[in-house]
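Chain by chain, the residues:
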Amino acid sequence: MRNASWSLLLLTGMECLLVLVLLNMAPILVKGEGTRVGFYSASCPLAESIVSSTVESHLRSDPSLGPAILRMHFHDCFVHGCDASILIDGPGSEKQALPNLGVRGYQVIDDAKSLLEATCPGVVSCADILALAARDAVVLAKGPKWDVPTGRRDGRVSLASDADNLPGFSESVEELKRKFAAFGLNTQDLVTLVGAHTIGTTACQFFSYRLFNFTNIGNGADPSINPAFVSQLQALCPPTGDNTRRVALDTDSVDSFDASFFENLRNGRGILESDQKLWADASTRSIVRRYLGVRGLKPLKFNVEFGRSMVKMGNIQVKTETNGEIRKICSAIN
């Protein structure tokens, strides 16, 4: 299980006043390759509010869907770009890939699409719905709000085999950096996007190997885990326990989108091996320290930078203009 592939954003379950600030940031915040903020202002002016209200309705009954939708967006963008290929049903589709078997929240996207088709038929893409829903999920977790460039079209290819290269939970920082760089995302984007682990949970099966017989030294646990934290995790995930039991990725504020996740890394309380490695590696530790406001370093504001990195990720290999299509339903190609 240690080498199994999965998404770095393995998630389940203070909106900040950043709108004016974000509008004055670098151009990437307002426009991508063929996408732009307000793409539907004339063709479907209620598009964003319909998505937002749909997400809010679902999260009111099941808050764990918030981080799940965020994870779904990540999985989608890292395979064929942000084209909603993860939403397509069928044997051998991306949904059937091992890293995607635990992805949840499809009904949220489907419901938003149904409402949009009733209001503006054939106008709003499933890819844009997913990008907007991911932003709205963060806002509902008291996180930042950023402008989402829209204008994506939906892809027509969805293959499970193409999802095998998603970032893994035990990979080295160098390997993670390579996978992110392949999509134009730099080391700061990597650290920032992994910071989404400030909300949501993961299953014991994805980290319990770090707790027992990891080494022949001391308590046998991964030495990068704070010794005082090991016993807590061992109690939650005993060797003969339920491997599907969910554990908070951010033990300090599982339901609030904030920078406490980075404090956990400094204190050896990162749940996933790949998370804790961000503190062990010098190139990523320096960025974590900037988010923590360490004296002597130029500080970074997580709520601001997360929006920047999400826009960059959301513009990975997007299909626009005559490429792709606008699906009538998100789970099937037209």
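Residues numbered from 1 in each chain as written. Predicted model: local features only at pLDDT ≥ 70, side-chain atom pairs only at ≥ 80, totals over all residues. Heavy atoms only, no water.

Trainee: So what exactly am I meant to see when it comes to unusual backbone geometry here?
Mentor: Of all residues except glycine, most have a negative phi; of all peptide bonds, most are trans. Despite not being glycine, A84 shows a phi value in the positive range, around 65°. Counting through the fold element by element, A84 comes out in the loop between α3 (65–77) and α4 (106–119). In the Ramachandran plot, N213 falls in the positive-phi region, its phi being about 55° despite a non-glycine side chain. Tracing the chain through its elements places N213 in the loop between β1 (201–203) and α8 (227–236). (Helix = DSSP H or I, 4+ residues; strand = E, 2+ residues; numbered from the N terminus.)

Trainee: Help me out: how do you make sense of the state of the cysteines in this one?
Mentor: Throughout this description, disulfide means a covalent bond between two cysteine sulfur atoms. Applying the stated criterion across every chain, the model contains four disulfides. Covalently, C44 is tied to C120 through a disulfide, its sulfur atoms 2.1 Å apart. Judged by the sign of its S-S torsion, about 80°, the bond between C44 and C120 is right-handed. Remark: C120 occurs in the loop between α4 and α5 (126–140) and C44 occurs in the loop between α1 (19–23) and α2 (47–61); sequence separation between them is 76 residues. Pair check on accessibility: C44 and C120 agree, each one buried. (Disulfide = S-S within 2.5 Å. Buried < 20%, exposed > 50% of the residue type's maximum accessible area, 1.4 Å probe, protein only.)

Trainee: Would you mind showing me how to read the pattern of salt bridges here?
Mentor: In a structure, side chains of opposite charge can pair up when their charged atoms sit close to one another. Counted according to the given criterion, the structure contains 17 salt bridges. Here D136 makes a salt bridge to R135, at a shortest N to O gap of 2.8 Å. Of the two residues, D136 and R135, both sit in the buried class. A cluster of three or more residues bridged by salt bridges with shared partners is formed by E48, R135 and D136. (Salt bridge = Lys/Arg side-chain N within 4 Å of Asp/Glu carboxyl O.)

Trainee: Just checking my understanding: could you explain the packing of aromatic side chains for this structure?
Mentor: Two aromatic rings are characterised by how far apart their centres lie and by the angle between their planes. This structure, assessed with the given rule, holds 16 aromatic pairs. Their ring planes at 40° and their centres at 6.1 Å tell us that F74 and F180 sit as a pair that is tilted. One end of the pair, F74, is in helix α3; the other, F180, is in helix α6 (residues 173–181), and 106 residues separate them in sequence. We classify F74 as buried; its relative accessible area is 0%. Exposure remark for F180: the relative accessible area of 0% places this residue in the buried category. On the numbers, 5.5 Å between centres and 70° between planes, the contact of F261 with F262 is edge-to-face. The same class applies to F261 and to F262, which are both buried. In this structure an aromatic cluster arises from ring pairing among W146, F257, F261, F262, Y291, F302 and F306. Here the basic side chain of K95 rests over the ring of Y106, its NZ or CZ set 4.1 Å away from the ring centre. R269 extends its terminal NZ or CZ atom over the ring of F229, reaching a point 4.1 Å from the ring centre. (Phe/Tyr/Trp six-rings, centres within 6.5 Å; stacked < 30°, edge-to-face > 60°. Lys NZ or Arg CZ within 6 Å of the ring centre and 35° of its normal.)

Trainee: Got a minute to help me understand the environment of V254 in this structure?
Mentor: Relative to the assigned elements, V254 resides in the loop between β2 (246–248) and α9 (260–266). Exposure remark for V254: the relative accessible area of 25% places this residue in the partly exposed category. For the pair V254 and T198, spaced 56 residues apart in sequence, the C-alpha separation works out to 6.2 Å. Every residue in contact with V254, bar those within four places of it in the chain, is listed here: T198, I199, G200, T201 and A248. (Contact = heavy atoms within 4.5 Å.)

Purely geometric stuff here, so don't read any function into it on its own.
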